[in-house]
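# Coordinate inspection notes
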Protein chains: 2
Amino acid sequence: MRDDAALSTDNRPTRLAALREALGKADLDGLLVTALPNIRYLTGFSGSSALLLVTALDCVLFTDFRYEAQVGDEVGRAATVRIESTSLWNGVWPVIAGLPGVERVGFESAHLLHRDFARLLEQGSRWQWRPTVDLVESLRAIKDAGEVAAIQRAIGMAERALGRTLPLLAPGMTETAAAGLLERHLREEGSEAYPFATIVASGPRSALPHARASDRAFEPGDFVLLDFGAVADGYCSDITRTVVLGAANADQRAVYEVVREANLRASGAIRVGMRGMAADALARDYIDACGHGDAFGHSLGHGIGLEVHEAPRLAKTIEAPLATGMVVTIEPGIYRPGWGGVRIEDDVLLTEDGAVVLTTFPRHLIEIA
Amino acid sequence: MRDDAALSTDNRPTRLAALREALGKADLDGLLVTALPNIRYLTGFSGSSALLLVTALDCVLFTDFRYEAQVGDEVGRAATVRIESTSLWNGVWPVIAGLPGVERVGFESAHLLHRDFARLLEQGSRWQWRPTVDLVESLRAIKDAGEVAAIQRAIGMAERALGRTLPLLAPGMTETAAAGLLERHLREEGSEAYPFATIVASGPRSALPHARASDRAFEPGDFVLLDFGAVADGYCSDITRTVVLGAANADQRAVYEVVREANLRASGAIRVGMRGMAADALARDYIDACGHGDAFGHSLGHGIGLEVHEAPRLAKTIEAPLATGMVVTIEPGIYRPGWGGVRIEDDVLLTEDGAVVLTTFPRHLIEIA
């Protein structure tokens, strides 16, 4: 995390300055920001309708009348706010035309629909539009102290909710009902939202890495996999635990212990400077060596922050090195179709001295009596 | 709703035939479908990673290994499934190159990111790519009997959950805790997911049309506005009720009655063939006439289905006429900044004989003792 962050509660000027530096390096006079999490990061605005124009001297946020009351409170002096009564895009053209020396303007290639790209070429034809990738995302990947604290609050909410939920799981309860219990506890712990659709996958369904909750009723001896998170001040946590309803059999225990060891090895050995692919291998090589290589069919982890999936990625194909201040998930799993699966997911902060595991919920195999 | 729908449980062939007819009219040899709800509508696939290629003879769905188990069950014979181990896009080029007579291919302009549009121009440069708008969406706007039944199930879940939640609201409870209660009840009633972030807005916050739940605690005499929905077999409901904690004062009652009357007038008079703008005016003109015109700052309603906001729109600017089989929300509101707001939202099915109001929850002002 950046040292300057702890000294200030408002890091938006620092973020904007870093973005302007990146724009300068890319030879751009400005950036049209269309990704809402990027807009929130730069301005604090959390609404669902916004465009942001950043140049060397100006920072103009366009939103609609529905957010007129909210936007002032959230944005303060971080941006000039324009409330548009028709399309946000209609507001952009006169504003950008009034900014001196703005010719080459970047846009976010991964966050601009073709429909809106067509507007740039038509109504915005007097400017030179340049696709950009990850300009704001690469800033967001490095968390400051305030962001880490928010993620920790979101982790605390998730862990307390899980602790209250697990003792209530029992054969006969459906996955959907269990998700409802967990979500109510998340709300009671203060979660603003659900960062993604809660996964409660039981018995054979625990072998589906992206199952949601279904109407399947728990049976004695089932694995129950819970993958969920909380949101605090916009920041997400993302946690998975897998438990057994009743006494685990030897097979379940053996698979569980491989995943647990893979999780511990990865969070113990992940280091700043390591490539994403090398981090992924920390868990993958161990699971491979235990004979389950084919059964770990997803990547090891991903960054969390204002989005539950953001930069960096810990995956086989990723060459980019990890950096201090990144917060990532470590989530190895083993899935056997028809039988079941285990995933154990923690959230860790990368520091110069190694990973700090932010999640504290026990990782041993919990058997729910 | 289409008459043929009631006779068959699988309407996917009908939908595909209608799309192919639309492609023929647009002089296109095929369509690359990138919007996940459109893919679900045409194939049944509910996963979060997919591309679909539709031509006169072929229908090919591309997804990744995570969905290998799920996709077969969901899609059946509705499409040829290709499981891609790297990028879905890598799978598209060899497949499309093998389809005879495919030259002019449409893409979904409102659902294709610039990043992916660039792929069409680069890796896909041997085809002629044509932007399209709303080809599948305009089919989806007309619900068949199975879709209406799913929406009705989602409405039933939402109404039962609301009925269980309202008696538990009390001063001192936070909006977030109330949202958690409501959401748990939604889960217990069988909702697969939350179609949007639950709104619980109390006291002055009820004047924010897009407030989410916050940590504000209810106070005696507050308006409490609840806007939420359930999901059944992928289909959404969307309901709003506004109640008072304790006895309503005269001002609250007066505003409430204007909104209630506007709601009743709109759902009573909305007709097939009417333009979206005329439907909007049914409520707006009444609210205007009552002296609250400036306080109804959003449009009257929108279609619901696989998405909670879909075609058609009932708004001041919409000239398109309404058609039989559309399911739309009717949600007039009055919002006074600093004081509070009221919205009453129902879901209605348009038939040749007028609107059938699918929501049955009482619309009178409920005072929670």
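This text goes with the structure placed above it.
Each residue is numbered by its place in its chain's sequence as written, counting from 1. Here chains are named by letter from A upward and ligands by number from 1 upward, in the order in which they appear as written. In keeping with the predicted nature of the model, local features appear solely for residues at pLDDT of at least 70, side-chain atom pairs appear and are counted solely at 80 or more, and the whole-chain, interface and lining totals rest on all residues. As a rule here, side-chain values cover all heavy atoms of the structure and leave hydrogens and water aside.

## Digging into the overall build of chain A
The helix and strand labels rest on DSSP assignments: H or I over at least four residues marks a helix, E over at least two residues marks a strand, and numbering proceeds from the N terminus. On a plain count of helices and strands, chain A comes out with 10 helices and 19 strands. Computation of the radius of gyration draws on C-alpha atoms alone. For the globule rule, the value is 2.2 Å times the number of residues to the power 0.38. Its C-alpha atoms give chain A a radius of gyration of 23 Å, near enough to 21 Å, the size a compact globule of 369 residues would have. Projected onto its principal axes, the C-alpha coordinates of chain A cover approximately 70 × 40 × 40 Å. Between buried and exposed lies partly exposed: a residue is buried under 20% and exposed over 50% of the maximum accessible area for its type, with that area taken using a 1.4 Å probe on protein chains only. Burial status across chain A gives 58% buried among its 369 residues. Surface exposure of chain A reaches about 14200 Å², of which carbon and sulfur atoms provide 52%. Side chains of chain A give 36 positive and 49 negative charges; the mean places of these two sets differ by 1 Å. The method behind every accessible area is Shrake-Rupley, applied with a 1.4 Å probe, and residues are considered shielded solely by the protein chains displayed. Residues counted as positive are Lys and Arg, residues counted as negative are Asp and Glu, and His and the chain ends are not counted. Just so you know, the charge point we use is NZ for Lys, CZ for Arg, CG for Asp and CD for Glu.

## Comments concerning the side chain of E183 of chain B
With respect to the secondary-structure elements, E183 of chain B resides in helix α8 (residues 175–188). Under the relative-accessibility criterion, E183 of chain B is labelled buried at 1%. For E183 of chain B, the residues in contact, after removing those within four places along its chain, are R187 and Y194 of chain A together with Y194 and T198 of chain B. Whether two residues are in contact is decided by their heavy atoms, any of which lying within 4.5 Å being enough.

## Considerations on unusual backbone geometry
Residues and elements named next belong to chain A. Across the junction of A311 and P312, the peptide omega takes the value 0 degrees, indicating a cis bond. As for its position among the elements, P312 is in strand β13 (residues 310–314). With a phi close to 65 degrees, D134 is a non-glycine residue in the positive phi region. One can find D134 in the loop between β6 (128–132) and α6 (135–140).

## Points about the pairing of strand β8 (residues 223–228) of chain B
Within a regular beta strand, the side chains point alternately toward one face of the sheet and then the other, so they alternate between its two faces. All names here are of chain B. Most of β8 sits inside the fold, with six of its six residues counted as buried. By the alternation rule, side chains of β8 split into F223, L225 and D227 and V224, L226 and F228, which are all buried. With four bridges joining them, strand β7 (residues 199–202) and β8 adopt antiparallel strand pairing. Within β8, the position partnered with V200 by the bridge is L226. Two strands make a pair as long as DSSP finds a minimum of two bridges between them.

## Topic: the sheet that holds strand β19 (residues 367–368) of chain A
Residue and element names in this part refer to chain A. Taken together, four strands build an open sheet; the order of strands is β7-β8-β11-β19 and the sheet is mixed. Edge strands, defined here as strands with exactly one partner in the open sheet, are β7 (199–202) and β19. Lines fitted to the C-alpha atoms define the axes, with helices restricted to the stretch that makes contact. Angles between their N-to-C directions range from 0 to 180 degrees. Helix α7 (residues 145–165) contacts β8 (223–228) and β11 (239–245) of the sheet and is inclined by roughly 10 degrees relative to β11. Packed on one face of the sheet, helix α8 (residues 175–188) meets β7 and β8 and runs near 145 degrees to β7.

## Thoughts on the interface of chain A and chain B
Across the contact, 33 residues belong to chain A and 33 residues belong to chain B. For any pair of parts, buried area is found by adding up, for both, the accessible area (1.4 Å probe) each one loses once the two are put together. Three residues stand out in chain A for area buried against chain B, namely H114, R184 and R187 of chain A, and they jointly supply 23% of the buried area on that side. Here E183 of chain A makes a salt bridge to R187 of chain B, at a shortest N to O gap of 2.8 Å. Whenever a nitrogen or oxygen atom comes within 3.5 Å of another N or O atom, the pair is scored as a polar contact, on the condition that within protein one atom can donate a hydrogen and the other can accept it, and that pairs from neighbouring residues in sequence are kept only if both atoms are in side chains. Summed over the shared surface of chain A and chain B, the number is 10 residue pairs in polar contact (both at pLDDT 80 or more). Sorting the residues of the side of chain A that touches chain B by element identifies α5 (114–122) and α8 of chain A as the ones contributing at least two each. The biggest single contributor to the side of chain A that touches chain B is α8 of chain A, with seven residues. Per-class residue counts for the side of chain A that touches chain B are 16 nonpolar, 11 polar and six charged. By definition, a salt bridge exists where a carboxyl oxygen of Asp or Glu is found within 4 Å of a side-chain nitrogen of Lys or Arg. Here the nonpolar group is Ala, Val, Leu, Ile, Met, Phe, Trp, Tyr, Cys and Pro; Asp, Glu, Lys and Arg are the charged ones; every other residue, Gly included, is treated as polar.

## Structural notes on the packing of α8 of chain A against α8 of chain B
Interhelical geometry of α8 of chain A versus α8 of chain B gives an angle of 180 degrees and a closest axis separation of 8 Å. Classed by the angle they form, the pair α8 of chain A and α8 of chain B counts as roughly antiparallel. Judged by residue contacts, T176, A179, G180, L181, E183, R184 and R187 of chain A of α8 of chain A engage T176, A179, G180, L181, E183, R184 and R187 of chain B from α8 of chain B. Residue composition of the contact of α8 of chain A with α8 of chain B, grouped by class: four nonpolar, four polar and six charged. Our angle categories are set so that under 35 degrees counts as roughly parallel, over 145 as roughly antiparallel, 65 to 115 as roughly perpendicular, and the remainder as oblique.

## A closer look at the nonpolar core
Of all hydrophobic cores here, the largest spans 121 residues; its most connected members are L169 of chain A together with L169 of chain B. If sequence neighbours within four positions are ignored, L169 of chain B has contacts with A178, F218, V224, V243, L245 and I368 of chain B. Only buried residues count toward a nonpolar core. Its members are Ala, Val, Leu, Ile, Met, Phe, Trp, Tyr and Cys residues joined through side-chain atoms within 4.5 Å. Counting residues in each nonpolar core, the second largest holds 40 residues, with L112 and L120 of chain A together with V92 and V102 of chain B among its members.

## Comments concerning the environment of L322 of chain A
Residues and elements named next belong to chain A. Of note, L322 is situated in the loop between β13 and β14 (327–330). Look at L322 and you get buried, because its relative accessible area is 4%. Sequence separation between L322 and Y235 is 87 residues, and the spatial gap between their C-alpha atoms is 20 Å. Among residues more than four places away in sequence, those in contact with L322 are I270, R271, V272, G273, M274, A279, P312, L314 and L350.

## Structural notes on helix α9 (residues 250–269) of chain B
All names here are of chain B. What a helix is expected to span follows from its residue count: subtract one and scale by 1.5 Å. Its 20 residues place the ends of α9 28 Å apart at the C-alpha level, agreeing with the 28 Å of an ideal helix rising 1.5 Å per residue. Looking at α9, one finds that the buried residues are Q252, V255, Y256, V258, V259, A262, N263, A266 and S267. One side of α9 holds all its buried residues, which, seen down the axis, span an arc of 155 degrees. N-capping of α9 is provided by N249, with a side-chain oxygen placed 3.1 Å from the backbone N of D251. The arc in question is traced by the directions running from the helix axis to the C-beta atoms.

## As for the relation of the copies chain A and chain B
Least-squares fitting of one copy onto the other uses the C-alpha atoms of those residues that reach a pLDDT of at least 70 in both copies. For the pair chain A and chain B, the superposition axis carries a translation of 0.0 Å, the fit reaches an RMSD of 0.0 Å, and the rotation angle comes to 180 degrees. When the rotation and shift are considered jointly, the pair of chain copies conforms to a two-fold rotation axis. The position closest to the rotation axis in chain A is occupied by the C-alpha of L113 of chain A, lying 2.2 Å away. A share of 100% of interface residues in chain A that are also interface residues in chain B marks the association as one of identical surfaces.

## Some points on the pattern of salt bridges
Inspection of every chain in the model, using the stated rule, returns 64 salt bridges over all chains. The salt bridge partner of R66 of chain B is D64 of chain B, with a shortest N-O separation of 2.9 Å. A residue is classified by how much of its surface remains accessible, and D64 of chain B, at 9% relative accessible area, is buried. Taken together, the salt bridges that share partners define one network made up of R160, R164, R184, E188 and E189 of chain A.

## Concerning a nonpolar patch on the surface
A surface patch of nonpolar side chains, amounting to about 200 Å² of accessible area, comprises F65, V81 and I83 of chain A. Position of V81 of chain A among the secondary structure elements: in strand β4 (residues 80–84). By definition, no residue in a patch forms a salt bridge, and every one has over 30% relative accessible area; like charges are joined within 9 Å, nonpolar side chains (Val, Leu, Ile, Met, Phe, Trp, Tyr) within 5 Å.

## Some details on the environment of G273 of chain B
Residue and element names in this part refer to chain B. In this structure, G273 sits in the loop between α9 and α10 (276–289). The sequence separation of G273 and I304 amounts to 31 residues, and the corresponding C-alpha distance is 19 Å. In this structure, G273 is in contact with P321 and L322, ignoring residues within four places of it in sequence.

## Quick word on the packing of aromatic side chains
Side-chain rings of Phe, Tyr and Trp, where Trp is taken by its six-membered ring, are said to pair if the distance between their centres is within 6.5 Å; with planes under 30 degrees apart they count as stacked, over 60 as edge-to-face, and otherwise as tilted. Inspection of every chain in the model, using the stated rule, returns 14 aromatic pairs over all chains. Look at F223 of chain A and W339 of chain A: their rings are 5.6 Å apart centre to centre, the planes differ by 85 degrees, and that puts the pair in the edge-to-face class. Taken together, the residues F223 of chain A in strand β8 and W339 of chain A in the loop between β15 (333–336) and β16 (340–343) connect sequence positions 116 residues apart. Ring geometry for F107 of chain B and F117 of chain B: centres 5.5 Å apart, planes at 40 degrees, overall tilted. On the criterion of sequence distance, the pair formed by F107 of chain B in strand β5 (residues 104–108) and F117 of chain B in helix α5 (residues 114–122) is long-range, its members being 10 residues apart.

## Quick look at the environment of I368 of chain B
Residues and elements named next belong to chain B. Position of I368 among the secondary structure elements: in strand β19 (residues 367–368). Residues I368 and L112, spaced 256 residues apart in sequence, show a C-alpha to C-alpha distance of 47 Å. Other than its neighbours up to four places away in sequence, I368 contacts L166, L169, V243, V244, L245 and G246.

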